[in-house]
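Fold and geometry: a report
Here is how the chains run, residue by residue.
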Amino acid sequence: MRLPDFEYCEPATLEEVLSILEGNQGNIRMLAGGTDLIPLMKYGLEVPSLIVSLKNVADLKGINLRDKEVFIGAMTSLADLGSSAIIRDNFPALHQAVEAVAAPPIWNVATIGGNICQNSRCLYYNQSKTWRLEKPSCLKAGGSVCLAVPKGKKCFSVYSGDLAPALIALRSTLSVHKKNQSRITPLQDVFSGNGLAPFTLAKDELVTGVILPLPGRGVGSSYVKMRVRSAVDYPLLSAAASVTLGGGRRIEKAALIFGAVGPTPIVVETDQLFAGSTIDLVNHDALREILRQGTQMVDNLALPGSYRRRMLPVVAQKAIQGALKSIAKRENR
Amino acid sequence: MKKLPKQLISLQVNGYEYEVAVRPNRTLLEVLREDLRLTGTKEGCDDGSCGTCTVLLEGVPLRACLCLAVEAQGKEVTTIEGLAEGDQLHPIQRAFVDHGAIQCGYCSPGMILTAKALLDRNPAPTDLDIKLAISGNFCRCTGYNKIVQAIKMAGPNAAGGM
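Being a predicted model, the structure only gives us computed values, none of them experimental. (Residues numbered from 1 in each chain as written. Chains lettered and ligands numbered in written order. Predicted model: local features only at pLDDT ≥ 70, side-chain atom pairs only at ≥ 80, totals over all residues. Heavy atoms only, no water.)

1. With respect to the overall build of chain B
Put simply, the test is: Elements are defined by DSSP. Helices are runs of H or I of four residues or more, strands are runs of E of two residues or more, and each kind is numbered from the N terminus. Only the C-alpha atoms count toward the radius of gyration. The rule for a globule is 2.2 Å times the residue count to the power 0.38. Accessibility here uses a 1.4 Å probe with only protein chains present; expressed as a share of the type maximum, an area under 20% marks a residue as buried, one over 50% as exposed, and anything in between as partly exposed. Any two residues whose heavy atoms approach within 4.5 Å are treated as being in contact. All accessible areas in this document rest on Shrake-Rupley with a 1.4 Å probe, and a residue is counted as covered only by the protein chains that are shown. The charge count includes Lys and Arg as positive and Asp and Glu as negative, but it does not include His or the ends of the chains. By convention, the charge on Lys lies at NZ, on Arg at CZ, on Asp at CG and on Glu at CD.
Regarding its fold elements, chain B presents five helices and five strands. Start at the N end of chain B and walk to the C end: the helices and strands fall as β-β-α-β-β-β-α-α-α-α. Since a compact globule built from 162 residues should have a radius of gyration of about 15 Å, the 16 Å found for chain B is in line with a globular shape. Considered along the principal axes of its C-alpha atoms, chain B spans approximately 55 × 30 × 25 Å. Per-residue burial for chain B yields a buried fraction of 51% across its 162 residues. Put simply, of all contacts in chain B between residues at least 6 apart along the chain, 56% involve residues at least 24 apart. As displayed, chain B has an accessible area near 7400 Å², and 50% of this comes from carbon and sulfur atoms. The average position of the 17 basic charges and that of the 18 acidic charges among the side chains of chain B differ by 5 Å.

2. Re the nonpolar core
Note that soluble globular proteins tend to have their nonpolar side chains buried in a common cluster. Residue and element names in this part refer to chain A. The criterion, for reference: By nonpolar core we mean a set of buried residues, namely Ala, Val, Leu, Ile, Met, Phe, Trp, Tyr and Cys, connected to one another through side-chain atoms within 4.5 Å.
Within the largest apolar cluster, 39 residues are counted, with the highest numbers of intra-cluster contacts made by Ile-72, Leu-94, Leu-163, Leu-167 and Leu-187. Take this core: its biggest share by element is six residues, from helix H9 (residues 163-169). Ignoring sequence-local partners within four residues, the contact set of Ile-72 consists of Gly-62, Ile-63, Leu-81, Ile-87, Leu-94, Ile-112, Thr-208, Gly-209, Val-210 and Leu-212.

3. Observations regarding the layout of surface pockets
Condition: Here a cavity means grid points, on a 1 Å grid over the protein atoms only, where a 1.4 Å probe fits yet cannot get out; a pocket means an open set of points with protein on both sides within 12 Å along at least five of seven lines; lining residues are those with an atom within 4 Å of a point. Grid points are joined across faces, edges and corners, and a volume is the space filled by probe spheres set on the points.
Volume-wise, the second largest pocket comes out at about 1100 Å³. Taken together, 44 residues line the second largest pocket, and the ones lying closest to its centre are Ala79(A), Trp107(A), Asn108(A), Val109(A) and Val60(B). Only helix H3 (78-82), helix H5 (92-100) and helix H6 (104-109) of chain A together with strand E4 (60-63), helix H3 (108-121) and helix H4 (127-133) of chain B provide two or more residues apiece to the lining of the second largest pocket. When residues of the lining of the second largest pocket are assigned to their parent elements, the largest contribution, six residues, is made by H6(A).

4. Quick word on the side chain of Asn300(A)
Residues and elements named next belong to chain A. What counts here: Think of a polar contact as two N or O atoms within 3.5 Å of one another; within protein, one of them needs to be a possible hydrogen donor and the other a possible acceptor, and neighboring residues in sequence only count if both atoms come from side chains.
Position of Asn-300 relative to the elements: it lies in the loop between helix H11 (284-294) and helix H12 (305-310). Using a relative accessible area of 0% as the deciding quantity, one classes Asn-300 as buried. In terms of polar contacts, Asn-300 uses its side chain to reach the backbone carbonyl oxygen of Phe-156, at 2.8 Å.

Interpretation in functional terms is not warranted from these geometric data alone.
Put into structure tokens, the structure is as follows:
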């Protein structure tokens with residue numbers, strides 16, 4: 001599959017990038033690791049007229065500990081994240097999420113910013129032009145039908161990034177820049193919930209970094225990914241959990257975030273499930289009820305939606321237990 | 001539609017410098033195979049999942065099908081052709097042959113280069129280390145066991161060499 005023609009530039013500073021992005025109508029794409037953008041271009045799903053390579057922008061790289069938070073530049077590679085002791089020791093969910101992505105060669109080029117901002121996916125969307133010619137264009141590809149859900153009127157594409165659920169569980173915020181402006185926003189707020197355009201980011205904005213508050217004592221986290229093979233595959237379902245233990249080893253607070261359940265990670269309110277209880281099994285019925293509202297799992301991944309729905313409490317259970325284990329590990333260090 | 005002009009880029013491949021005129025939309029895989037005629041690197045899935053296009057960029061495994069050729073400028077690229085010295089196979093290639101780790105051979109260039117990157121870093125990997133390192137390289141023929149064995153056996157001989 002050949003890439004379409006495009007103009008290409010390699011700016012050296014963030015300022016240059018933001019100037020180029022000013023007035024972007026959607027025809028300019030940032031190139032980080034390329035593991036999402038390049039396949040989409042080969043499939044004819046993305047046709048930018050200008051590609052801006054971020055590889056030379058030094059300001060966008062690095063893992064820095066400052067005060068009570070860690071700042072990760074958006075162009076920091078997954079390989080660097082995976083080998084970082086700061087990340088491994090303080091943010092087990094992020095460490096596990098990084099190791100769950102694809103395979104080691106991908107980690108060498110993939111970036112945290114790119115992983116967060118990856119497009120949503122569907123069996124009927126992420127296919128070559130030739131494959132897609134067999135059927136009418138789907139909603140996400142600019143057509144008028146959903147191929148996954150007959151008569152479906154909205155897009156059921158799945159946000160399949162591994163890092164975002166873990167980062168949300170870790171209360172991450174994003175640093176977002178545009179020309180002469182910058183803002184900090186909670187990570188969950190950049191997801192629109194709309195499979196056609198999964199992000200609320202403006203076309204002239206660039207994610208420049210991720211900020212994680214250092215966890216206090218008695219806090220643990222974990223990320224669990226369900227997939228058919230043990231490498232390469234995108235998640236069929238994933239869960240990130242963060243647990244805070246209070247006095248008497250009771251669960252004081254817990255956050256549960258599901259990935260690959262629809263166009264956005266779903267944050268589950270867990271107070272009813274855990275508050276005050278000691279290390280306990282997840283209340284499956286309560287969880288199922290809560291989740292029926294927020295998730296939209298249809299038959300557009302490798303395994304049916306019905307199976308993936310049944311696995312929600314199982315994956316949640318593993319994530320909570322992983323988070324609890326990580327507290328013990330941290331305390332024994 | 002008028003095509004955009006080509007640009008002259010310099011690629012360092014297997015110790016040689018090649019100057020090629022390419023448009024930005026050429027991948028490193030295409031340029032290696034079509035412009036430099038180094039066809040040892042294979043095209044499989046063309047979307048980054050299978051690993052048959054694996055080359056080493058500064059000693060680290062890279063999916064050449066996802067890398068724009070212009071992005072590889074100024075960095076040392078190693079393809080499978082860069083391993084043997086004349087008729088003398090690289091120890092990892094020798095181990096693959098000796099241990100029955102090659103059937104159709106299509107995954108082998110990518111697999112061997114991934115193995116080289118591992119052994120250069122860790123000459124005595126455990127089975128688990130090996131399986132993790134090659135988890136991004138698919139093989140449809142061998143069932144992987146012989147490949148893992150070959151990499152393990154090659155370890156002590158292959159460390160740090162070219």
